[in-house]
Amino acid sequence: MLALAAGAAQAASPRVLSLDSCADQYVMGLAPRESIVGVSTRADDADSRLRHVARGLPKRRLDLESVLAARPDVAVRYWGGEPRLLAALERRGVRIVTVRDAASFGDVRANVRAVAAALGRGPQGDAVIAGMDARLSRAAGAWGGASALYMTPGGVTAGQGTLIDAMLRAAGMTNAEARPGFQTISLEQMALSPPKTVVLGFFDTFQLSGDSWGIGRHRVLQRVASDRAVASLPGALLGCPDWGAAEAVSLLAAKAPGRAKP
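This section reports on the structure supplied with the text. Quick caveat, the model's predicted, so the values are computed rather than measured.

Focus: the overall build of the protein
Part 1 of the reasoning: Scanning the protein from terminus to terminus reveals 11 helices and 10 strands.
Part 2 of the reasoning: Taken across its 262 residues, the protein has 47% of its residues classed as buried.
Part 3 of the reasoning: A fraction of 63% describes how many contacts in the protein between residues 6 or more apart in sequence connect residues 24 or more apart.
Part 4 of the reasoning: Surface accessibility of the protein: about 12800 Å² in total, with carbon and sulfur atoms responsible for 52%.

Examining the sheet that holds strand β9 (residues 198-201)
Part 1 of the reasoning: With parallel pairing, the four strands of this open sheet are ordered in space as β7-β5-β9-β10. Since the sheet does not close on itself, it has two edges, and those belong to β7 (174-175) and β10 (229-233), each with one partner.
Part 2 of the reasoning: Pairing geometry for strand β5 (residues 147-151) and β7, over two bridges, is parallel. Within the sheet, the bridge partner assigned to Ser147 lies in β7 and is Thr174.
Part 3 of the reasoning: Set on the sheet, helix α10 (residues 219-228) makes contact with β5, β9 and β10; between it and β10 the angle comes to about 100 degrees.

Observations concerning the state of the cysteines
Part 1 of the reasoning: Taken as a whole and judged by the stated rule, the model has one disulfide.
Part 2 of the reasoning: Disulfide partner of Cys22: Cys240, at an S-S distance of 2.0 Å. Its torsion about the S-S bond being -85 degrees, the disulfide of Cys22 and Cys240 is classed as left-handed. With Cys22 in helix α2 (residues 21-30) and Cys240 in the loop between β10 and α11 (244-254), the pair connects residues that are 218 residues apart, well separated along the chain.
Part 3 of the reasoning: On the basis of relative accessibility, which here comes to 4%, the residue Cys22 falls in the buried class.
Part 4 of the reasoning: Here Cys240 falls in the buried class, since its relative accessible area comes to 16%.

Looking at the packing of helix α6 (residues 105-118) against helix α7 (residues 122-139)
Part 1 of the reasoning: Axis separation between α6 and α7 bottoms out at 8 Å; the angle between their running directions is 160 degrees. The pairing of α6 with α7 is recorded here as roughly antiparallel in orientation. α7 is crossed by α6, and the crossing has right-handed handedness. Taken together, the residues of α7 that come into contact with α6 (itself represented by Phe105, Val108, Arg109, Val112, Arg113 and Ala116) are Gly122, Gly125, Val128, Ile129, Met132, Asp133 and Leu136.
Part 2 of the reasoning: Residue composition of the contact of α6 with α7, by class: eight nonpolar, two polar and three charged.

A word on the pattern of salt bridges
Part 1 of the reasoning: Here the structure, examined in full by the defined rule, presents 10 salt bridges.
Part 2 of the reasoning: For the salt bridge of Asp47 with Arg42, the shortest nitrogen-to-oxygen distance reads 2.5 Å.
Part 3 of the reasoning: Across the pair Arg169 and Asp165 runs a salt bridge, and its minimum N-O distance is 2.9 Å. Remark: Asp165 and Arg169 occur in helix α8 (residues 163-170); sequence separation between them is four residues, near one turn of the helix.
Part 4 of the reasoning: Assessed through its relative accessible area of 49%, Arg169 is described here as partly exposed.
Part 5 of the reasoning: Overlapping salt bridges bring together Arg42, Asp45 and Asp47 as one network.

Definitions and limits used
- Residues numbered from 1 in each chain as written.
- Predicted model: local features only at pLDDT ≥ 70, side-chain atom pairs only at ≥ 80, totals over all residues.
- Heavy atoms only, no water.
- Helix = DSSP H or I, 4+ residues; strand = E, 2+ residues; numbered from the N terminus.
- Buried < 20%, exposed > 50% of the residue type's maximum accessible area, 1.4 Å probe, protein only.
- Contact = heavy atoms within 4.5 Å.
- Areas by Shrake-Rupley, 256 points an atom, 1.4 Å probe, with all protein chains shown as cover.
- Pairing = 2+ DSSP bridges.
- Axes fitted to C-alpha atoms, helices over the stretch in contact; angles between N-to-C directions.
- Disulfide = S-S within 2.5 Å.
- Parallel < 35°, antiparallel > 145°, perpendicular 65-115°, else oblique.
- Left-handed = near helix turned anticlockwise from the far one by under 90°.
- Nonpolar A, V, L, I, M, F, W, Y, C, P; charged D, E, K, R; others polar.
- Salt bridge = Lys/Arg side-chain N within 4 Å of Asp/Glu carboxyl O.

Written out as structure tokens, the structure is:
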């Protein structure tokens with residue numbers, strides 16, 4: 001009976017392949033390890049949130065030979081896989097599951113449910129969502145409506161319609177950026193009327209000098225980032241539309257005055 005149960009469980013878990021670094025987080029976070037036949041070559045990079053899970057998993061290049069050699073039943077992608085590769089996989093009966101852009105935690109929940117359903121891992125998906133929602137519940141209202149501006153090393157900020165905006169609001173902040181989407185920060189506005197509170201993002205993944213800083217090299221933005229930042233959120237929690245965003249909200253809420261560390 002135990003052998004039959006084990007065989008049934010294995011049959012219920014399709015062979016799954018991840019096609020990019022964001023899909024890696026969904027595959028490594030939801031699929032049983034023995035069913036993962038490939039992750040991206042960036043799965044264990046420093047900006048991969050679940051890089052510790054990637055150790056020992058096969059890494060696959062995004063070419064047809066390497067992908068077909070893995071014999072996947074399901075391929076999960078966010079941006080990875082050019083159209084001809086995806087079409088070739090579908091012709092061979094591989095199911096393609098696409099993680100969608102997320103502008104809210106509702107979008108993240110939809111992504112988790114979609115990937116979990118494709119992998120036959122509904123209960124695991126529900127558990128991930130429950131954990132995410134528990135974090136959000138504990139963080140709610142932490143900053144009491146304080147206005148804050150999000151800032152990256154390249155001088156980019158985020159307004160309404162972005163997951164960053166949803167994260168700020170989830171921690172009880174009011175987004176100081178009135179423009180929708182991702183925008184370049186105005187140097188003039190920063191000089192004349194700097195925000196009282198700044199939330200940094202991706203500063204752990206950039207050198208604070210050199211061409212990669214872009215507009216962020218300007219002394220005005222550097223001064224504001226140095227003097228007004230209340231939190232610096234790691235890129236591994238910001239780069240993908242997944243439940244890692246709730247971890248970032250927890251970190252942000254813990255920086256609120258009077259709040260204990262998580």
